[in-house]
Amino acid sequence: METKFRESIDKAVHNPNLTGALGRFSEAYRISRAKAYEGYDFEALRTQIAERKSYAASHLDELADLFTQNAEARGTKVFRTNDPAKVREYILNVARENGVKSIVKSKSMASEEIHLNQHLEAAGIEVGETDLGEWIIQLAGQTPSHMVMPAIHMTKEEVASVFNEQVEEGQTPDIPKLVKFARGKLRTKFLDAEMGITGANIAVAETGTLVIVTNEGNARLVTTLPKIHVAIVGLEKLMEKFDDVVPVLTALPKSATAQLMTSYVSMISGPVPNTDGTPKQLHVILMDNRRTEMSQDPKFKQAMQCIRCASCLNVCPVFRLVGGHVFGKIYTGGIGTILTAWFDALKASDDIQSLCIQCGNCTEVCPGKIDIPGLILELRRRLAVEKGQPLAQKAIFSVVNNRKLFHSMLRAAYVMQKPLQKGNFIRHLPFFLSDMTEFRSLPAIAEAPLRDTIKKIKQPAGKEKIAFYAGCLIDFAYPEMGESLVKILNKAGIEVVFPEGQTCCGAPARYSGAYEVAAQNASDNINALLAENVTYVVSACPTCTVGLKHDFISTFESLGQTDSLPRARQLSDKVIDFSSLVKKLVDDGRLKFKEGQQLGKITYHDSCHLKRTLHATQPPRQLLTEAGYEIAEMYEADMCCGMGGTYSLKLPEISAPILERKLVNIKNSGAPTVVMDCPGCVMQIRGGLDKQNSSIKVEHTAQRLADELEAS
Amino acid sequence: MNAIFDTFKLRAEAVSAEVHRFPHKSEALDFILHYLHDAGISDSPQAGAVWASCPFLDGFDQKQISSLLPGLSFDVNREASAEAKVGISQLDWAIANTGTLVQDAARVDQRLVSTLPLIHIALIRSDRLVPDLPSALKQIRPEQTNYISFITGPSRTADIERVLTIGVHGPEKLIIVFFDGVVCDEPAGVN
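Scoring rules and cut-offs
Residues numbered from 1 in each chain as written. Chains lettered and ligands numbered in written order. Predicted model: local features only at pLDDT ≥ 70, side-chain atom pairs only at ≥ 80, totals over all residues. Helix = DSSP H or I, 4+ residues; strand = E, 2+ residues; numbered from the N terminus. Rg over C-alpha atoms; globule rule 2.2 N^0.38 Å. Buried ≥ 20, exposed ≤ 12 C-beta atoms within 10 Å, placed from the backbone. Contact = placed C-beta atoms within 7 Å. Nonpolar A, V, L, I, M, F, W, Y, C, P; charged D, E, K, R; others polar. Core = buried A, V, L, I, M, F, W, Y, C linked by C-beta atoms within 7 Å. Pairing = 2+ DSSP bridges. Right-handed = clockwise from strand over helix to strand, strands pointing away. Axes fitted to C-alpha atoms, helices over the stretch in contact; angles between N-to-C directions. Left-handed = near helix turned anticlockwise from the far one by under 90°. Domains from an automatic or database assignment. pLDDT = per-residue confidence, 0-100. Parallel < 35°, antiparallel > 145°, perpendicular 65-115°, else oblique.

1. Remarks on the overall build of chain B
Looking only at helices and strands, one finds six helices and 12 strands in chain B. Taken over the C-alpha trace, chain B has a radius of gyration of 16 Å; the compact-globule value for 191 residues is 16 Å, and the two agree within 12%. When the backbone C-alpha atoms are referred to their principal axes, chain B occupies close to 45 × 40 × 30 Å.

2. Regarding the overall build of chain A
Scanning chain A from N- to C-terminus turns up 34 helices and 23 strands. Relative to the 2.2 N^0.38 estimate, which gives 27 Å for 712 residues, the radius of gyration of chain A is 28 Å and therefore close to what a compact globule would have. In terms of principal-axis extent, the alpha carbons of chain A reach across some 95 × 55 × 50 Å. Residues counted as buried form 54% of the 712 residues belonging to chain A. Long-range pairs, those at least 24 residues apart, make up 78% of the contacts in chain A between residues at least 6 apart in sequence.

3. Some thoughts on the interface of chain B and chain A
Contacts between the two partners involve 38 residues from chain B and, on the opposite side, 51 residues from chain A. Those elements that provide at least two residues to the side of chain B that touches chain A are helix 4 (78-83), helix 5 (108-115), helix 6 (133-139), strand 9 (147-151) and strand 10 (156-157) of chain B. Here the side of chain B that touches chain A gets five residues from one element, more than from any other, and that element is strand 9 of chain B. Of the residues assigned to the side of chain B that touches chain A, the class counts are 16 nonpolar, 13 polar and nine charged.

4. Thoughts on the nonpolar core
Among the nonpolar cores identified, the biggest contains 280 residues, and A:Val233, A:Leu238, A:Ile338, B:Ala122, B:Ile176 and B:Val177 are the most heavily contacted of them. Residue contacts for B:Val177: discarding those within four places in its chain leaves B:His20, B:Ala28, B:Phe31, B:Ile32, B:Ile121, B:Ala122 and B:Leu123.

5. Remarks on the pairing of strand 21 (residues 673-676) of chain A
Residues and elements named next belong to chain A. As paired elements, strand 19 (residues 600-605) and strand 21 share three bridges and run parallel to each other. Within strand 21, the residue paired with Tyr604 across the bridge is Val675. Sheet analysis places strand 21 next to strand 22 (residues 697-700), joined by four bridges and oriented parallel. What sits directly across from Met676, in strand 22, is His700. Taken together, strand 21, helix 33 (residues 679-691) and strand 22 form a β-α-β motif whose crossover is right-handed.

6. Observations regarding the sheet that holds strand 12 (residues 425-426) of chain A
Residues and elements named next belong to chain A. With respect to topology, three strands assemble into an open sheet ordered 11-12-13, the strand pairing being antiparallel. At either end of the open sheet lies a strand with only one pairing partner, and these are strand 11 (421-422) and strand 13 (442-443). Strand direction decides the pairing type here: strand 11 and strand 12, joined by two bridges, are antiparallel. Residue Lys422 lies in a different strand from strand 12, and its bridge partner there is Phe425.

7. Description of the packing of helix 16 (residues 333-344) of chain A against helix 18 (residues 372-387) of chain A
Residue and element names in this part refer to chain A. Two numbers describe how helix 16 lies on helix 18: the axes approach to 9 Å, and their chain directions differ by 40 degrees. Classified by chirality, the crossing of helix 18 by helix 16 is left-handed. Together, Gly334, Ile335, Thr337, Ile338 and Ala341 of helix 16 and Ile372, Leu375, Ile376 and Leu379 of helix 18 make up the contact between the two elements. Among the residues forming the contact of helix 16 with helix 18, the class breakdown is seven nonpolar, two polar and no charged.

8. So, the domain arrangement of chain A
Interfaces are often sized by the amount of accessible area the parts lose when they come together. Residues and elements named next belong to chain A. For chain A, the assigned domains are domain 1 (1-36 + 310-388), domain 2 (58-130 + 194-297), domain 3 (400-585) and domain 4 (590-711). For domain 1 versus domain 2, the separation of C-alpha centres amounts to 26 Å. With 13 residues of domain 1 at the interface, the matching set in domain 2 holds 13 residues. When contributions to the side of domain 1 that touches domain 2 are tallied by element, the ones reaching two or more residues are helix 2 (16-36) and helix 16. The dominant element in the side of domain 1 that touches domain 2, judged by the number of residues it contributes, is helix 2, at five residues. Considered class by class, the residues forming the side of domain 1 that touches domain 2 number nine nonpolar, two polar and two charged.

9. Topic: the confidence of the model for chain B
Residue and element names in this part refer to chain B. Within chain B, residue pLDDT values average 93, and 94% of them lie at 70 or more. Taken together, the stretch residues 183-191 has pLDDT below 50 and engages in 23 contacts with residues farther than four places along the chain or on a different chain. Interface predicted TM-score (ipTM) for the complex: 0.95; the corresponding pTM is 0.93.

10. Some remarks on the environment of B:Ala39
All names here are of chain B. Following the sequence through the fold, Ala39 ends up in the loop between helix 2 (25-38) and strand 2 (49-51). The exposure class of Ala39 is partly exposed, given the 17 C-beta atoms found within 10 Å. Sequence separation between Ala39 and Ile119 is 80 residues; the distance between their C-alpha atoms is 9.8 Å. Not counting residues up to four positions away in its chain, the partners in contact with Ala39 are Lys85, Val86 and Ile119.

11. Side note on the sheet that holds strand 5 (residues 93-95) of chain B
Spatially, 8(A)-5(A)-6(A)-9(A)-9(B)-6(B)-5(B)-8(B) is the arrangement adopted by the eight strands of the open sheet, whose pairing is mixed. A strand with exactly one partner marks an edge of an open sheet, and here the two such strands are strand 8 (238-239) of chain A together with strand 8 (129-130) of chain B. Bridge analysis of strand 5 (residues 202-204) of chain A against strand 6 (residues 209-214) of chain A gives three bridges, and the strand direction is antiparallel. Across the sheet, A:Val204 pairs through a bridge with A:Thr209, a residue of strand 6 of chain A.

12. Overview of the pairing of strand 14 (residues 464-469) of chain A
Residues and elements named next belong to chain A. Both strand 14 and strand 15 (residues 494-497) contribute to a ladder of four bridges, which runs parallel. Each residue of the ladder has a partner; that of Glu464, found in strand 15, is Ile494. With four bridges joining them, strand 14 and strand 16 (residues 536-539) adopt parallel strand pairing. Bridge assignment links Ala467 to a residue of strand 16, and that residue is Val537.

13. Quick look at the environment of A:Lys347
All names here are of chain A. One can find Lys347 in the loop between helix 16 and helix 17 (361-365). Classification of Lys347 as exposed rests on a count of 11 C-beta atoms within 10 Å. Separated by 242 residues in the primary sequence, Lys347 and Lys105 place their C-alpha atoms 30 Å from one another.

14. Topic: the packing of helix 3 (residues 42-58) of chain A against helix 12 (residues 245-257) of chain A
All names here are of chain A. The geometry of helix 3 relative to helix 12 is characterised by a closest axis approach of 9 Å and an angle of 125 degrees between their N-to-C directions. On the basis of the axis angle, helix 3 is oblique to helix 12. As for the relative orientation of helix 3 and helix 12, their crossing is left-handed in sense. Contacts between helix 3 and helix 12 pair Leu45, Arg46, Gln48, Ile49 and Arg52 from the former with Pro247, Val248, Thr250 and Ala251 from the latter. Here the contact of helix 3 with helix 12 is composed, by residue class, of five nonpolar, two polar and two charged.

15. A look at the environment of B:Ser81
When you line up the elements, B:Ser81 lands in helix 4. When residues no more than four places from it in sequence are discounted, the contact partners of B:Ser81 are B:Val50, B:Val76, B:Gly87, B:Leu112, B:Val113, B:Leu116 and B:Pro117.

16. As for unusual backbone geometry
Residues apart from glycine generally show negative phi values, whereas peptide bonds are mostly found in trans. All names here are of chain A. Positive phi, close to 75 degrees, is recorded for Arg290, a residue that is not glycine. Position of Arg290 among the secondary structure elements: in the loop between strand 10 (281-287) and helix 13 (291-296). Its 17 C-beta neighbours within 10 Å are what place Arg290 among the partly exposed residues. The phi dihedral of Arg308 falls on the positive side, at around 60 degrees, and the residue is not glycine. Assignment of secondary structure puts Arg308 in the loop between helix 13 and helix 14 (311-314).

Structure, rendered in structure tokens:
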């Protein structure tokens with residue numbers, strides 16, 4: 001990671017204006033977005049958008065031709081190019097031919113992508129952004145911190161001083177007055193400009209129509225007052241039919257700003273008369289800049305389904321801490337990382353892709369149904385292939401790939417940690433490792449791993465066998481969680497077997513882009529787990545469960561190892577998470593809860609993979625309630641705790657404040673105990689509470705339920 | 001009819017528009033003239049009103065109306081619109097579930113009076129209310145016109161500290177006047 005990048009993160013997380021504004025916004029957004037979608041079937045709507053946008057991505061060339069033909073038939077000039085330099089040249093030529101001295105722009109990401117303003121200004125043309133936020137950052141000489149709210153990082157005091165320094169003295173930090181001032185100043189620019197530049201939100205091929213969405217009304221003025229209108233349209237904006245406008249226009253305002261509809265929508269299908277009666281010159285530039293290439297990439301084609309609503313930014317636990325500036329100049333957040341990798345260069349995404357903690361929040365809200373974390377992982381994989389893995393990482397994974405060596409090192413760690421250990425925690429690590437324990441204590445490696453202790457448990461032999469996949473954390477740090485699981489399944493008359501050959505699930509390697517390592521881990525585990533004749537393979541770690549159930553398959557697919565797929569699928573069919581399995585056993589009458597218990601308040605933290613990949617939010621809650629607990633839901637129960645596997649080691653400066661928020665929410669729930677289904681979350685949250693000397697108990701659901709269940 | 005109107009009114013008011021409805025055109029005109037009078041429309045600078053020609057005006061004597069209210073002009077151009085305090089136009093369709101007005105805005109005067117003045121008065125026939133976006137897009141299509149405008153509430157921004165602020169580039173007030181379409185010959189005077 002570049003030092004400059006680390007510095008930009010440091011600056012962002014220590015900017016209270018930025019984190020305050022983004023934090024409050026993300027909290028309000030979640031509620032207002034849900035309200036805007038009331039009465040709509042979001043799943044059906046986004047399926048329709050994804051389908052229509054995907055169709056367009058598969059027919060880009062054809063739709064671009066059709067758009068050109070239909071728009072030109074009505075008098076629009078259409079210019080299509082792959083080359084950003086040609087876009088700039090075309091606009092400059094139109095400006096020169098018509099003696100343009102001043103241009104007004106409404107928001108266009110495509111123009112920012114090709115650094116159009118600088119180019120035109122260098123040619124002596126005045127270019128004015130008219131979107132208020134864009135104008136403010138243009139005056140301040142900054143870049144947008146959010147795709148929809150470019151100046152969200154600035155306070156009214158800062159805006160006033162920018163106006164005072166750059167426009168006119170005497171402005172006070174009074175928002176309505178600042179807006180009025182901007183209106184007056186920009187009004188003159190609108191009236192004087194000879195050319196207006198806009199983007200477009202949709203370009204309809206069958207009618208040659210541009211659809212432009214705004215709230216301020218600036219696009220209406222930009223397309224009405226100047227005699228020349230140039231629209232820069234990325235090819236991903238093309239859609240086949242005019243009726244395709246409906247789903248996009250239904251979702252975009254709701255997802256972007258939680259509005260039912262934006263104040264203004266303009267649908268322009270050809271030149272209209274100017275105020276002096278002459279016909280307007282209307283130029284549409286269909287800009288490719290690698291979009292065709294993207295649409296032909298089997299993985300990244302789905303990124304063409306983006307409607308640029310920025311909802312992936314608004315729900316991201318990382319974005320709300322760091323804002324847009326750490327992402328670079330143009331596209332920000334999850335989708336921005338992907339767009340930067342394509343429209344700028346793969347290596348330009350090298351640092352920013354590491355910001356994704358893989359929590360999956362964005363996949364729940366994306367109206368284009370884009371698997372943003374999945375695509376970021378694919379970037380990581382391609383980057384690792386292109387430039388190789390960092391040396392230290394390579395060394396670590398070569399150990400992880402050798403199960404016996406890896407496990408004997410973990411055993412040795414138990415001895416080596418002794419001087420650092422306090423009870424079950426390591427509270428301080430020396431030297432360069434100190435960052436890792438600054439904000440949370442780490443669990444000590446257990447004296448005996450689960451693979452040893454499980455042998456000592458006397459189990460009911462025979463009837464039904466279930467294989468237990470422990471995962472490294474339970475095996476070596478928290479064997480007691482595994483013992484609880486065994487105890488519960490034994491009560492249902494099930495024998496739990498522990499296939500010795502099981503090893504790391506490969507998540508650390510996969511999430512670092514080291515797919516070959518992950519594939520080796522997958523093969524070893526498949527061999528170990530399919531060797532036993534069992535009804536289920538259960539895991540008490542959701543990340544491992546997702547690994548076994550989904551990631552093995554996807555890793556093999558990414559590497560083209562199709563031979564390995566049938567056995568990966570065979571394993572996948574048997575895999576189940578702890579709470580879903582126990583809920584099943586209770587529902588089937590094989591386990592029951594002790595009767596009439598009133599166990600008091602408890603709060604539950606949803607682990608990312610359990611909620612968003614395995615969709616198991618209800619089973620643990622139902623089990624806890626049936627046991628006799630009263631669930632006191634914490635605020636943002638399903639927000640990431642900041643662990644993210646190795647993420648918390650790589651980016652502790654981001655992991656720590658995410659955890660901090662989680663701890664506050666846990667405390668505010670008023671419950672004396674917080675329960676979760678993931679040993680990784682336990683490690684993070686327990687470590688955080690330990691650092692704060694909190695008395696709140698942190699447990700895995702299996703531990704909490706072990707004594708409440710009995711045989712039927 | 002009333003249910004769909006109520007939905008529209010609820011949605012439009014939720015985005016800070018004002019909604020009125022009159023059974024007769026004459027009453028709508030009366031309301032507008034009173035409004036202009038109260039808004040201080042006169043022939044002084046920055047105090048004018050511009051009214052884009054529209055079917056609503058059929059049957060009314062524009063000269064007579066102008067003479068009642070100096071400052072109100074039916075001759076819409078760039079300069080007059082930029083100077084005007086109020087712009088008036090008739091819109092073609094209204095979408096109930098979002099509180100949106102839709103207009104064939106190919107004629108530039110339609111856009112001048114609804115973008116430049118501080119206040120926009122939007123006339124709309126009550127029978128032009130449709131329930132939702134798909135039904136509106138069945139009525140007005142790009143094949144018919146080069147510029148379709150959708151207007152939902154006044155101009156707004158939240159670009160400074162996310163504080164909702166009305167009236168950044170377009171009108172800061174949108175007054176929607178429904179009329180039920182009964183023609184009346186007599187324009188009302190201004191008191």
